[in-house]
Amino acid sequence: MKLNVICVKWGTKYSSEYVNKLHSMVKRHITIPFNFYCLTEDKEGIDSDVIIIPIQYDLEIWWNKLAMFEKNFGDLKGQCLYFDLDIVIQKNIECFIKKHFHKIHCYWKNPAMVKSDKEVKKRNTINNSSIMSWTANDEFLNVVWQEFIEDKEWFLEIYRGIDRYMDWEFPYLINSYDRNLVYSYREGADWYTDTEKFIYRKDYHVCIFHQEPNITDCLDHPVVNSVSFF
């Protein structure tokens, strides 16, 4: 059974070119068979060998990621691996393939900033969903989707994104990838030992461009040029 590699494109922030480039990076940094899927409302310009899964819900931005946990999503079977569009793959990605749900632990964040604040809206998180892995139709992840969609307006009101929603509502599901795999372009790699910003770390597997600067503003920066992103 082939690996399912998935991305999400919603709106106009990232063009179809980013889907195609992610597909190209995956092909260069994997040794096992896979199918590449894009969950999107606009397939214009996306390469023909990318399998399109149409967005079916009235969700915006990152919230569309949660639909991947819906039961029978895309009729996918077996192992799933998700990537955001604003990443740069530098080395082999098979280290991110995990049977049970995994996401990024932000080792570059100050752990003290993450606390159980009584005011829910102020709650932060030490995790990041730019890369996730799971097994299709995981019954626990099905619940993550079902609870969200049944009370969507409430969760959209109290949480700023799926990381806070998942981490505070379903903390027992969160497993983290190891250190030294992913770094943040804007914040570094490790809060205690490596906080230099805006540099290329060649020994890491993936660089993520969360918040600002956007990857669209960094196309001439060394980390992007290092893999001929465009």
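Structure shown above.
Here we summarise the structure given alongside this text. (Residues numbered from 1 in each chain as written. Predicted model: local features only at pLDDT ≥ 70, side-chain atom pairs only at ≥ 80, totals over all residues. Heavy atoms only, no water.)

## Topic: unusual backbone geometry
Defined as follows: Secondary structure elements are taken from DSSP: a helix is a run of H or I of four residues or more, a strand is a run of E of two residues or more, and numbering for both begins at the N terminus.
The backbone of isoleucine 61 sits at a positive phi, close to 45°, despite the residue not being glycine. Looking at the secondary structure, you find isoleucine 61 in the loop between strand 3 (51-54) and strand 4 (79-83).

## As for a negative patch on the surface
What counts here: Only residues above 30% relative accessible area that lack a salt bridge enter a patch, with like-charged residues linked at up to 9 Å and the nonpolar side chains Val, Leu, Ile, Met, Phe, Trp and Tyr linked at up to 5 Å. Surface accessibility follows the Shrake-Rupley procedure with a 1.4 Å probe radius. Residue values consider only the protein chains on display as shielding. In the sections that follow, a salt bridge refers to a side-chain nitrogen of Lys or Arg positioned within 4 Å of a carboxyl oxygen of Asp or Glu. We count Lys and Arg on the positive side and Asp and Glu on the negative side, and we leave His and both chain ends out. Where a charge lies is defined by one atom per residue type, namely NZ (Lys), CZ (Arg), CG (Asp) and CD (Glu).
Together, Glu147, Glu150, Asp151 and Glu169 line one region of the surface with negative charge. Relative to the elements of secondary structure, glutamate 147 occurs in helix 2 (residues 139-150).

## Structural notes on the sheet that holds strand 8 (residues 182-184)
Note the following rule: At least two bridges found by DSSP between two strands is the condition for calling them paired. In this description, a line fitted to the C-alpha atoms serves as the axis of each element, helices being fitted only across the stretch in contact, and the angle between N-to-C directions of two axes falls anywhere from 0 to 180 degrees.
Taken together, 3 strands build an open sheet; the order of strands is 5-9-8 and the sheet is mixed. For this open sheet the edge positions go to strand 5 (87-89) and strand 8, each flanked by a neighbour on one side alone. Strand-to-strand twist across the sheet, computed as the mean angle between neighbouring axes with direction ignored, equals 20°.

## A closer look at the side chain of histidine 29
In plain terms, the rule: Throughout, a contact is declared for two residues whenever any of their heavy atoms are within 4.5 Å.
Within the fold, histidine 29 resides in the loop between helix 1 (16-28) and strand 2 (34-40). If we skip the residues at most four places from it in the chain, histidine 29 touches Ile89, Gln90, Lys91, Asn92 and Ile93.

## What about the packing of aromatic side chains?
Selection criterion: In this analysis, rings of Phe, Tyr and Trp, with Trp reduced to its six-membered ring, are considered paired at centre separations within 6.5 Å, and the interplanar angle assigns stacked below 30 degrees, edge-to-face beyond 60, and tilted for intermediate values. Exposure categories follow from relative accessible area, calculated using a 1.4 Å probe and restricted to protein chains: below 20% of the type maximum is buried, above 50% is exposed, and the middle band is partly exposed.
Evaluation of the coordinates by the stated rule reveals 19 aromatic pairs. Between the aromatic rings of phenylalanine 155 and tyrosine 159, the centroid separation amounts to 6.4 Å while the plane-to-plane angle is 20°, which identifies the pairing as stacked. Each member of the pair, phenylalanine 155 as well as tyrosine 159, is classed as buried. Among the aromatic side chains, those forming a connected cluster through ring pairs are Tyr57, Trp63, Trp145, Phe148, Phe155, Tyr159, Tyr165, Phe170 and Tyr172.

## Examining the pattern of salt bridges
Tallied over the entire structure, the rule returns 8 salt bridges. Note that glutamate 153 and lysine 152 form a salt bridge whose closest N and O atoms lie 3.9 Å from each other. What makes glutamate 153 exposed here is its relative accessible area of 56%. Residue classification places lysine 152 among the buried positions, given a relative accessible area of 18%. One salt bridge connects lysine 202 with aspartate 203, and the closest N-O pair in it is separated by 3.4 Å. Side by side, lysine 202 and aspartate 203 carry an identical accessibility label, which is exposed.

## Side note on the side chain of asparagine 142
Looking at the element boundaries, asparagine 142 is found in helix 2. Accessibility expressed as a relative area gives 15% for asparagine 142, which makes it buried. Not counting residues up to four positions away in its chain, the partners in contact with asparagine 142 are Phe69, Glu70, Lys71 and Asn137.

## Quick look at the layout of surface pockets
Let me state the cut-off plainly: Here a cavity is any set of points on a 1 Å grid over the protein atoms alone where a 1.4 Å probe fits but cannot get out, and a pocket is any open set with protein on both sides within 12 Å along at least 5 of 7 lines; a residue lines the site when it has an atom within 4 Å of a point. Grid points are joined across faces, edges and corners, and a volume is the space filled by probe spheres set on the points. Amino acids outside the nonpolar list (Ala, Val, Leu, Ile, Met, Phe, Trp, Tyr, Cys, Pro) and the charged list (Asp, Glu, Lys, Arg) are all regarded as polar, and Gly is one of them.
Counted as a void, the largest pocket has a volume near 1000 Å³. If you trace the largest pocket, you find 35 residues lining it, with Ile61, Trp62, Lys65, Asp84 and Gln211 closest to the centre. Contributions of two or more residues to the lining of the largest pocket are made by strand 1 (3-9), strand 7 (127-135) and helix 4 (162-169). In terms of residues, the lining of the largest pocket owes the most to one element, strand 7, which gives 4 residues. Residues of the lining of the largest pocket, tallied by class, amount to 12 nonpolar, 12 polar and 11 charged. Its volume calculated, the second largest pocket comes out at about 150 Å³.

## Re the pairing of strand 7
Among the 9 residues of strand 7, 8 are classified as buried, and the element is accordingly described as predominantly covered. Sheet topology places strand 4 next to strand 7; 5 bridges connect them, and they run antiparallel. By the bridge assignment for strand 7, leucine 81 is matched with serine 133. Note: strand 6 (residues 102-105) against strand 7, 4 bridges, orientation antiparallel. Residue pairing in the sheet places histidine 105 in a bridge with asparagine 127 of strand 7.

By themselves, these observations are geometric and do not establish any function.
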